[in-house]
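Per-entry structural report
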Amino acid sequence: MLEQLVGDSSALDRALAGEELSYNDGLELMNYDNLHLLAAVADNARKKLVGDTVTFAASYYMNYTNVCAASCQMCAFYRKDGADDAYTLTPQEIEQRVGIAKQMGATEVHIVGGFHPKLPLEYYEDMMKVIKKNHPQLNIKALTAAEIFYLSKLTKNSTKEILSRLKDAGLDSMPGGGAELFHPDIRNKIVRGKCTGQQWLDVIEEAHTMGINSNVTMLYGHIEKPEHVVDHLIKIRELQKKTRGFLTLIPLKFSLDNTELEQEHLVNNECSSVYDLKIIALSRLMLANVLNNISVYWVAYGKKLAQVALSNGGNDLVGTAFSEEIYRAAGKPTASSVEELATMVKEIGRTPAQRNTHFEILKKF
């Protein structure tokens, strides 16, 4: 039936046949007007790969500091050292929060922060050691590739040395933040004082080679063009072919409030829901042969749109996002329970399942 409907799109024909899509195919789909058909093909690919189960983790988000040497135009979270509302958690405060996370049922703690110009590498090692000592079963998913790169410059250690020391201290996996968009033409306009796209990819390749799996993100809905999105997805695909170290792609919708892009009127409105759904579908189709999981970050979408995105190729809701602060800084509500996420999934006729960081099913509802 679908084969008969997609006659006007060679890219959708190839997607239905399970072929790898080219750069030009990606551009064609970014400009394709029939969203319902695009969604149907993406959802068909999702069903073949992972079936009708929708997963999510019980995840506790901890931002150890909001002090950042960078000043990215798309970020509402960062503060400069010495600002009235700047903070850095002590090891004792970190341990207290992780204890709360365990009481809430979290199986992973997601730790990211700013580029703090004064914290030594030992701060991060001690953080992970105390968490692993007191909560050995908790997966420590910590520090983006961008943070690792910054630490390398700050401490004059190689990124490989830093990853090795943090792994010895208890690092289990890495979040996908800091990827933003890799193409330099757009990256230089949305981030300031952060690694290049290629440097991000190089660090994450090192991590994968060392057995540290990671997520990967894509920040969209600001000033990008279709070619920047397609370029990003292809670079993810090529690295995944080499390492098989990515666990999921999380497309991140740009949240406008309190950012420099808003203040300078470079972006006046958040992107449409139609664009959100197109991004999810395109992500599924461009990565269909190398990466099973496309995550729908409900924190950025809201729960109703997230449900629709799950029918556009998405198969994962990321997690409960207990104590998430970065999107909260841009005006988004950010917490939910496992039971609420399970209800979201049941309402669209799919099977909810709680997973661990590595997408192993812990519980079905």
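Every chain is numbered independently, its residues counted from 1 as its sequence is written. In view of the model being predicted, local features appear only for residues whose pLDDT reaches at least 70, and side-chain atom pairs are presented and counted only at 80 or more, with totals across whole chains, interfaces and linings using the full set of residues. The basis for the side-chain values is all heavy atoms of the structure; hydrogens and waters are excluded.

As recorded by an unreviewed UniProt entry, the protein chain carries the name Radical SAM domain protein, CofH family protein and is attributed to Candidatus Nitrosopumilus salarius BD31.

1. With respect to helix 8 (residues 159–169)
Each residue's exposure class comes from its accessible area (1.4 Å probe, protein chains only) as a fraction of the maximum for that residue type: buried when under 20%, exposed when over 50%, partly exposed otherwise. Runs of H or I in DSSP of at least four residues are treated as helices and runs of E of at least two as strands, each being numbered from the N terminus. Among all positions of helix 8, only T159, I162, L163, L166 and A169 are buried. Considered in projection along helix 8, the buried side chains sweep an arc of 125° and stay on one side of the axis. Residues of helix 8 that are exposed and angled more than 90 degrees away from the buried face: K160 and D168. Directly beyond the C-terminal end of helix 8, a positive phi value near 135° is found at G170. Our arc is simply the arc of the directions from the helix axis toward the C-beta atoms.

2. Comments concerning helix 13 (residues 273–286)
Taking 1.5 Å as the rise per residue, helix 13 with 14 residues should run 20 Å; its terminal C-alpha atoms sit 20 Å apart, in good agreement. Counting buried residues along helix 13, eleven of its 14 residues qualify, which places the element largely inside the surrounding structure. Of the residues making up helix 13, those classed as buried are D276, L277, K278, I279, I280, A281, L282, S283, R284, L285 and M286. Expected helix span is taken as 1.5 Å per residue step, with the number of steps being one fewer than the number of residues.

3. With respect to the UniProt feature "binding site: [4Fe-4S] cluster" (unreviewed entry) in the protein chain
UniProt positions are given in the numbering used here, feature names are shortened, and annotations may be inferred rather than shown by experiment. Here, UniProt's "binding site: [4Fe-4S] cluster" (unreviewed entry) annotation points to C68, C72 and C75. Given the relative accessible area of 11%, C68 is considered buried.

4. Observations concerning the side chain of N215
Within the fold, N215 resides in strand 6 (residues 213–220). What makes N215 buried here is its relative accessible area of 7%. Residues are treated as being in contact if the distance between any of their heavy atoms lies within 4.5 Å. Ignoring sequence-local partners within four residues, the contact set of N215 consists of K141, M174, P175, G176, W200, F246, L247, T248 and I250.

5. Re the pairing of strand 10 (residues 361–364)
Pairing between strand 9 (residues 351–355) and strand 10: three bridges, direction antiparallel. Following the sheet pairing, Q354 is matched in strand 10 by K363. By definition, two strands form a pair when at least two bridges between them are found by DSSP.

6. Remarks on the packing of aromatic side chains
Stacked, edge-to-face and tilted labels apply to pairs of Phe, Tyr and Trp rings (six-membered ring for Trp) whose centres lie within 6.5 Å, assigned for plane angles under 30 degrees, over 60, and everything in between, in that order. Applying the stated criterion to the full structure yields eight aromatic pairs. Aromatic side chains Y64 and Y123 sit 6.1 Å apart centroid to centroid with 50° between the ring planes, which places their arrangement in the tilted category. Separated by 59 residues along the polypeptide, Y64 in the loop between strand 2 (59–63) and helix 5 (91–103) and Y123 in helix 6 (residues 121–134) bring together distant segments of the chain. Y123 matches Y64 in its accessibility class, with the two residues each being buried. Measuring from centroid to centroid gives 5.2 Å for Y123 and Y124, while their planes differ by 85°, and the two rings are edge-to-face. Judged on exposure class, the residue Y123 and its partner Y124 are both buried. Grouping aromatic residues by their ring pairs yields a cluster made of Y64, Y123 and Y124. We count a charge as sitting over a ring when the NZ of a lysine or the CZ of an arginine lies within 6 Å of the ring centre and within 35 degrees of the ring normal. In this arrangement the basic side chain of R355 is found over the ring face of F359, its NZ or CZ atom lying 3.9 Å from the centre.

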